[in-house]
Amino acid sequence: MKRMRKAGLGMASMLTLVASLGSGAAWGQTAPAGDAANGAKLNSMCIGCHSIAGYKTAFPEVYSVPKIGGQHAAYIVKALQAYKSGDRKHPSMVGIAASLSDKDMADLAAYYSAGPGKTASK
Ligand code: HEC
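If you're wondering where the values come from, they're calculated on a predicted model, not measured in any experiment.

What am I meant to see in the nonpolar core here?
Soluble globular proteins: nonpolar side chains tend toward being buried together. Residues Ile76, Val77 and Ala109 are the most contacted members of the largest nonpolar core, which totals 16 residues. Those elements giving two or more residues to this core turn out to be α3 (73-85), α4 (91-98) and α5 (102-113). For this core, the leading source of residues is α5, giving 7 residues. Residues in contact with isoleucine 76, not counting those within four places in the same chain, are Ile68, Gln71, Leu108, Ala109, Tyr112 and Ser113.

If you want it as structure tokens, here you go:
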């Protein structure tokens, strides 16, 4: 009896966690739920630092910018939400993420998770 109740609670808090991650649409799915075409438009905010083609950064001497093209959509959304919530504190990304809605994040994640094969010209 006690064990069952515990298992029930665990499931409930897991659901709460998933729900608290915004739309959560990308979690555990292979196909991203975001709108990659809209993500491509929003990407103008990111391309200066996270250029997809060749993974070159605009300011390599200032900071090594992580590669996000080809990452899983869920990973990208989670990282953006962590910046927005303050869990991750890099000033550039906190500023950027603060301006993004959950839908923006999902759209950007859909765009980036499609990887360089789709978007890089060379
Ligand atoms: C001013 C430069 C700059 C801009 C603009 C920028 N980023 Fe970043 N981004 C960074 C840096 C630097 C990091 C690494 C910060 C850290 O170590 O936490 C980062 C980290 C990330 C990460 C986490 C990657 C990982 O592997 O942990 C994601 C996801 C990300 N950025 C997405 C975006 C998106 C989407 C945009 C556009 C909406 C954007 N960034 C705009 C510089 C930038």
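Can you walk me through the packing of α3 against α4 in this structure?
Axes are the key here: two packed helices are described by the angle between their axes and the distance separating the axes. At their nearest, the axes of α3 and α4 sit 8 Å apart, and the two run at 95 degrees to each other. On the basis of the axis angle, α3 is roughly perpendicular to α4. Of the residues in α4, those in contact with Leu80, Tyr83 and Lys84 of α3 are Met93, Val94, Ala97 and Ala98. The class makeup of the residues in the contact of α3 with α4 is 6 nonpolar, no polar and 1 charged.

What is the right way to look at the site of the ligand in this model?
Surrounding the ligand, one finds 19 residues, the nearest of these being Cys46, Cys49, Ala79, His90 and Ser92. Of all the elements in the fold, those that place two or more residues in the shell around the ligand are α3 and α4. Within the shell around the ligand, the residues separate by chemical class into 14 nonpolar, 4 polar and 1 charged.

I keep staring at the confidence of the model for the protein chain and nothing clicks. Help me out?
Confidence along the protein chain averages 73 in pLDDT terms, with 56% of residues attaining 70 or more. When the criterion is pLDDT under 50, residues 12-32 qualifies, and its contacts beyond four places in sequence or with other chains add up to 25 contacts. Across residues 117-122, confidence stays below pLDDT 50; counting only partners more than four residues off in sequence or on other chains, it has 6 contacts.

Is there a simple way to explain the environment of proline 66 in this structure?
The topology assignment puts proline 66 in the loop between α2 (36-42) and α3. In the structure, proline 66 is positioned 17 residues away from cysteine 49 in sequence and 9.1 Å away in space, judged by C-alpha atoms.

Parameters at a glance
Residues numbered from 1 in each chain as written. Predicted model: local features only at pLDDT ≥ 70, side-chain atom pairs only at ≥ 80, totals over all residues. Core = buried A, V, L, I, M, F, W, Y, C linked by C-beta atoms within 7 Å. Buried ≥ 20, exposed ≤ 12 C-beta atoms within 10 Å, placed from the backbone. Helix = DSSP H or I, 4+ residues; strand = E, 2+ residues; numbered from the N terminus. Contact = placed C-beta atoms within 7 Å. Axes fitted to C-alpha atoms, helices over the stretch in contact; angles between N-to-C directions. Parallel < 35°, antiparallel > 145°, perpendicular 65-115°, else oblique. Nonpolar A, V, L, I, M, F, W, Y, C, P; charged D, E, K, R; others polar. Near = placed C-beta within 6 Å. pLDDT = per-residue confidence, 0-100.

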